[in-house]
Number of protein chains: 4
Amino acid sequence: MSPYTDVPFSYRRRVRWGDCDPEGMIYTVRVYDYLLEALEAWYLKVLGLDFGGLKYERHMAMPSVRQECQFMKALKPGCEVDLHVFVERLGNASISFIVDAVGDDGSHYLRFNHTACFITLDGFKPVRPPDDFRENIEAYRAAGKRMT
Amino acid sequence: MSPYTDVPFSYRRRVRWGDCDPEGMIYTVRVYDYLLEALEAWYLKVLGLDFGGLKYERHMAMPSVRQECQFMKALKPGCEVDLHVFVERLGNASISFIVDAVGDDGSHYLRFNHTACFITLDGFKPVRPPDDFRENIEAYRAAGKRMT
Amino acid sequence: MSPYTDVPFSYRRRVRWGDCDPEGMIYTVRVYDYLLEALEAWYLKVLGLDFGGLKYERHMAMPSVRQECQFMKALKPGCEVDLHVFVERLGNASISFIVDAVGDDGSHYLRFNHTACFITLDGFKPVRPPDDFRENIEAYRAAGKRMT
Amino acid sequence: MSPYTDVPFSYRRRVRWGDCDPEGMIYTVRVYDYLLEALEAWYLKVLGLDFGGLKYERHMAMPSVRQECQFMKALKPGCEVDLHVFVERLGNASISFIVDAVGDDGSHYLRFNHTACFITLDGFKPVRPPDDFRENIEAYRAAGKRMT
């Protein structure tokens, strides 16, 4: 069952032939493409810029610090899932997401935990995110509800 | 300039951060993801099934026979292109596509030639495509116009 | 510093240009290619077959159940790392690995935790691994030493 | 049959599980990973630097101009091939390769044509390659023999 009552932002993804291995199921590595695609779409929607914008407009980056994936149910070619993006925690210089891949029938395929760190490109040191980022993230976080 | 006056089917693709290399331009290998994504979307639209449907419903496959790519202009993170799919030729057991990646300002980034072969999965021999495929492909081909 | 005194099996990997993003550092998704390459090489070495052999010779699979990655230090084009493969636990139907990516100077770049499940391809149910697998895995596990 | 009597440089590659699709054969896009891996290894061997070295030490790049691939025989998980790298032509600012993927039994799986252009990173204009590159490439080219 889907773990949600409300979803502020979702990224829809169809499982492509080339995402799958000779067993006819999604190949392990490809699930992280789904995660990163969902996150880049979330940045564009919530922060107003994608990863390129972070670098070229704000001279920042948000490298991954820790990722976790639980593989609950195997995705097959032609399946469609929504990747629901929740902000679990906004720290001083870090942000933690939970991203769930859920099918139209409520099947829960994947759960990701992703923590990234805000850094500046001169010095590569962790920094507090700019105020506009912080406001948008907090507003997004407040809007999300998750049941489980 | 875009080589089109009319486009029967296009697949829109945003250049993602992870598609690009340390030079800040699309990495060579990734352009073929764009091609295959466009082709799989075309199959779904025109033939009514994706590559998985070909295998599991029709017990066929369409392996690549020959591909060519001309790199005209470098794609950068955040660019959006339409991949216009033309059917150049439908043979007895093969099909040839021209796929062009064109930006909103008409810039021509990539041109692909792609030839695939229809085969059955029992025997892996080239076969004439089923009549419904042939009709849909010919109708699609008749609708397309390309200037250059 | 490297967390090892002894390493039963390592997989050496050079960071390729195409593994890296416009920041000039490894792109998040690619690190899982490193993990899976190391694991497939380990299967071939320790169990005597790769993932294809598992399917075609033993009619089994070992889907991922849970993965975790800690990103300690950024990999850049041309870096070389050894991926040291430790078996943390062999359960009734599951196996857990710790895989560390370590540079020649002892720098610790990545730590992965990977848990997979043994299943049969008729029924896709968890099964106890065959005796020859179990013996080889236990022998490998006994040989490994890790300091931290 | 293999098209060679002599091979100056080859890159050996094992077909991995994750390179293959649900048909149990190599997925089209992945063959270009093989090509680029072979080329990057060739640069390191013949020019003394990889693609990162080109950028960071010589302030140059060698973007792809045109690529072609003929798919002769399907690669399956566990196959091993040698990618033989021939220099077909060294132009004023461009270089053209033929790269063949050949099995241990002489089976010819893939033929690539790859043309790249030398550019400088200030201006992104085509340039004549440095003399040391030119000498090494001409020497390599003279050593190669191909029958077909």
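Here is what the cut-offs are and how they apply
Residues numbered from 1 in each chain as written. Chains lettered and ligands numbered in written order. Predicted model: local features only at pLDDT ≥ 70, side-chain atom pairs only at ≥ 80, totals over all residues. Heavy atoms only, no water. Least-squares fit on C-alpha atoms with pLDDT ≥ 70 in both. Pairing = 2+ DSSP bridges. Helix = DSSP H or I, 4+ residues; strand = E, 2+ residues; numbered from the N terminus. Axes fitted to C-alpha atoms, helices over the stretch in contact; angles between N-to-C directions. Contact = heavy atoms within 4.5 Å. Buried area = accessible area lost by both parts, 1.4 Å probe. Salt bridge = Lys/Arg side-chain N within 4 Å of Asp/Glu carboxyl O. Phe/Tyr/Trp six-rings, centres within 6.5 Å; stacked < 30°, edge-to-face > 60°. Buried < 20%, exposed > 50% of the residue type's maximum accessible area, 1.4 Å probe, protein only. Lys NZ or Arg CZ within 6 Å of the ring centre and 35° of its normal. Polar contact = N/O pair within 3.5 Å; in protein donor to acceptor, adjacent residues only side chain to side chain. Nonpolar A, V, L, I, M, F, W, Y, C, P; charged D, E, K, R; others polar. Core = buried A, V, L, I, M, F, W, Y, C linked by side-chain atoms within 4.5 Å. Parallel < 35°, antiparallel > 145°, perpendicular 65-115°, else oblique. 1 Å grid on protein atoms, 1.4 Å probe; cavity = no way out; pocket = protein on both sides within 12 Å on 5 of 7 lines; lining within 4 Å. Points joined across faces, edges and corners; volume = space filled by probe spheres on them. Expected span 1.5 Å × (residues − 1).

Mind laying out the relation of the copies chain B and chain D, listing which residues take part and the relevant values?
Copies of the same chain, two in number, are related to each other by a rotation about an axis and a translation along it. Note on the copies: chain B fits chain D at an RMSD of 0.0 Å, the axial shift is 0.0 Å, and the rotation between them is 180°. Classification of the inter-copy transformation places it as that of a two-fold axis. Using C-alpha coordinates, one finds that chain B approaches the rotation axis most closely at Glu-68 of chain B, a distance of 2.1 Å.

So what's going on with the sheet that holds strand β6 (residues 94-103) of chain B? Residues and values would help.
Reading across from one edge, β2(B)-β5(B)-β6(B)-β7(B)-β4(B)-β4(D)-β7(D)-β6(D)-β5(D)-β2(D) is the order of the 10 strands in this open sheet, with antiparallel pairing throughout. Here the strands that pair on one side only, and so sit at the sheet edges, are β2 (10-14) of chain B together with β2 (10-14) of chain D. Strand-to-strand twist of the sheet, defined as the mean angle between neighbouring strand axes without regard to direction, takes the value 20°. Sheet topology note: the strand β5 (residues 80-90) of chain B/β6 of chain B ladder contains nine bridges and is antiparallel.

Which residues make up the interface of chain B and chain D, and what values go with them?
Each partner contributes residues to the interface: chain B has 22 residues there, and chain D has 21 residues. The contact between chain B and chain D buries some 2,000 Å² in all, and 53% of this surface belongs to carbon and sulfur atoms. For the chain B face of the interface with chain D, the top three residues by lost area are Glu-23, Val-29 and Gln-67 of chain B, together amounting to 24%. At the surface where chain B touches chain D, the tally comes to four salt bridges.

Report on the packing of aromatic side chains, specifying residues and quantitative values.
For any pair of aromatic rings, the description rests on two quantities: the centre-to-centre distance and the angle between the ring planes. Tallying each qualifying case throughout the model produces 30 aromatic pairs over all chains. Summarising the aromatic geometry, the rings of Tyr-32 of chain A and Tyr-32 of chain C are spaced 3.5 Å apart at their centres and angled 0° between planes, so their arrangement reads as stacked. One end of the pair, Tyr-32 of chain A, is in helix α1 (residues 31-47); the other, Tyr-32 of chain C, is in helix α1 (residues 31-47), on a second chain. Look at Tyr-32 of chain A and you get buried, because its relative accessible area is 0%. By way of ring pairs, the aromatic residues Trp-42, Tyr-43, Phe-51, Phe-97 and Tyr-140 of chain A are connected into one cluster. The side chain of Arg-13 of chain B reaches across the aromatic face of Tyr-34 of chain B, ending 4.1 Å from its centre.

So what about the interface of chain B and chain A? Which residues, and what values?
Chain B puts 15 residues into the contact, and the matching count from chain A is 15 residues. Buried surface at the junction of chain B and chain A, both sides included, amounts to about 1,200 Å², of which 57% is carbon and sulfur. Its largest share of buried area at the contact with chain A, chain B owes to Arg-14, Arg-16 and Trp-17 of chain B, together 41% of the area lost on that side. In this structure, the connection of chain B to chain A is made through four salt bridges. Here Glu-37 of chain B makes a salt bridge to Arg-16 of chain A, at a shortest N to O gap of 3.2 Å. Inspection of the region where chain B meets chain A yields six residue pairs in polar contact (both at pLDDT 80 or more). For the side of chain B that touches chain A, the elements supplying multiple residues, two or more each, are β2, α1 (31-47) and α2 (51-56) of chain B. Here the side of chain B that touches chain A takes four residues from α2 of chain B, the largest share from any one element. Per-class residue counts for the side of chain B that touches chain A are six nonpolar, three polar and six charged.

Just give me the short version of the nonpolar core, but keep the residues and values in it.
Ranked by size, the top nonpolar core spans 89 residues in total, and within it Trp-42 and Ile-95 of chain B together with Trp-42 and Ile-95 of chain D carry the most contacts. Ranked by residue count, the leading element in this core is α1 of chain B, at 12 residues. Leave out the neighbours within four places in its chain, and Ile-95 of chain B touches Trp-42, Tyr-43, Met-62, Val-87, Arg-89, Leu-90, His-114, Thr-115, Ala-116, Phe-118 and Ile-137 of chain B. Formed by 88 residues, the second largest nonpolar core is a distinct cluster that contains Tyr-32 and Ala-101 of chain A, Trp-17 of chain B together with Val-87 of chain C.

Could you give me a rundown of the sheet that holds strand β2 (residues 10-14) of chain A, with the residues and numbers involved?
Read from one edge of the open sheet, 10 strands run β2(A)-β5(A)-β6(A)-β7(A)-β4(A)-β4(C)-β7(C)-β6(C)-β5(C)-β2(C), paired in antiparallel fashion. This sheet does not close on itself; its edge strands, each paired only once, are β2 of chain A together with β2 (10-14) of chain C. Within this sheet the neighbouring strands show an average axis-to-axis angle of 20°, counted without direction. Bridge analysis of strand β6 (residues 94-103) of chain A against strand β7 (residues 108-117) of chain A gives nine bridges, and the strand direction is antiparallel.

For the packing of α1 of chain C against helix α3 (residues 131-143) of chain C, give the residues involved together with the corresponding values.
All names here are of chain C. Where α1 contacts α3, the axes come no closer than 10 Å and their chain directions differ by 105°. As the angle between them shows, α1 and α3 are arranged roughly perpendicular. Between α1 and α3, the contacting residues are Trp-42, Val-46 and Leu-47 on the first element and Phe-133, Asn-136, Ile-137 and Tyr-140 on the second. Split into classes, the residues belonging to the contact of α1 with α3 amount to six nonpolar, one polar and no charged.

So what's going on with the side chain of Asp-82 of chain B? Residues and values would help.
Residues and elements named next belong to chain B. Within the element layout of this structure, Asp-82 appears in strand β5. On the accessibility criterion, Asp-82 (17% relative accessible area) is buried. In terms of polar contacts, Asp-82 uses its side chain to reach the side chain of Arg-12, at 3.0 Å. When neighbours within four sequence positions are excluded, Asp-82 is seen to be in contact with Ser-10, Tyr-11, Arg-12, Asp-100, Ala-101, Val-102 and Asp-104.

Break down empty space enclosed by the protein for me, citing the residues and quoting the values.
Taken as a whole and assessed by the stated rule, the structure comprises two cavities of 30 Å³ or more. Empty space within the largest cavity amounts to approximately 670 Å³. In this structure, the largest cavity is lined by 41 residues; those nearest its centre are Arg-30 and Asp-33 of chain A, Arg-30 of chain B, Arg-30 of chain C together with Arg-30 of chain D. Going through the elements one at a time, α1 of chain A, α1 of chain B, α1 of chain C together with α1 (31-47) of chain D are the ones with two or more residues in the lining of the largest cavity. Within the lining of the largest cavity, the residues separate by chemical class into nine nonpolar, four polar and 28 charged. Here the second largest cavity is characterised by a volume of approximately 40 Å³. In terms of lining, the second largest cavity is formed by Trp-17, Gly-18, Asp-19, Cys-20, Tyr-27 and Arg-30 of chain A together with Gly-18, Asp-19, Cys-20, Asp-21, Tyr-27 and Arg-30 of chain D. Partitioned by chemical class, the residues of the lining of the second largest cavity number five nonpolar, two polar and five charged.

I'd like a description of α1 of chain C, backed by residues and values.
Residues and elements named next belong to chain C. Over its 17 residues, α1 runs 24 Å from end to end, which matches the ideal 24 Å to within 8%, given 1.5 Å per residue. Buried residues dominate α1, accounting for 14 of its 17 residues. Of the residues trailing α1, Gly-48 is marked for its positive phi of about 85°.

Could you give an account of the relation of the copies chain B and chain A, naming the residues involved and the relevant values?
Mapping chain B onto chain A leaves a residual RMSD of 0.0 Å; the transformation is a rotation of 180° accompanied by 0.0 Å of translation along its axis. The share of interface residues of chain B whose copies in chain A are also at the interface is 100%, consistent with both copies meeting through the same surface.

Just give me the short version of the pattern of salt bridges, but keep the residues and values in it.
When their charged atoms lie close together, side chains carrying opposite charge are able to pair. Taken as a whole and judged by the stated rule, the model has 56 salt bridges over all chains. Note that Arg-111 of chain A is salt-bridged to Asp-100 of chain A, the shortest N-O span being 2.7 Å. Here the residue Arg-111 of chain A occupies a position in strand β7, and Asp-100 of chain A occupies one in strand β6, the gap between them amounting to 11 residues. Linking Glu-68 of chain D and Arg-66 of chain D is a salt bridge whose minimum nitrogen-to-oxygen distance equals 2.7 Å. Classification of Arg-66 of chain D by relative accessible area gives partly exposed; the value is 25%. Taken together, the salt bridges that share partners define one network made up of Arg-12, Arg-14, Glu-80, Asp-82 and Asp-104 of chain A together with Asp-50 of chain B.

The values are spatial; any link to function lies outside them.
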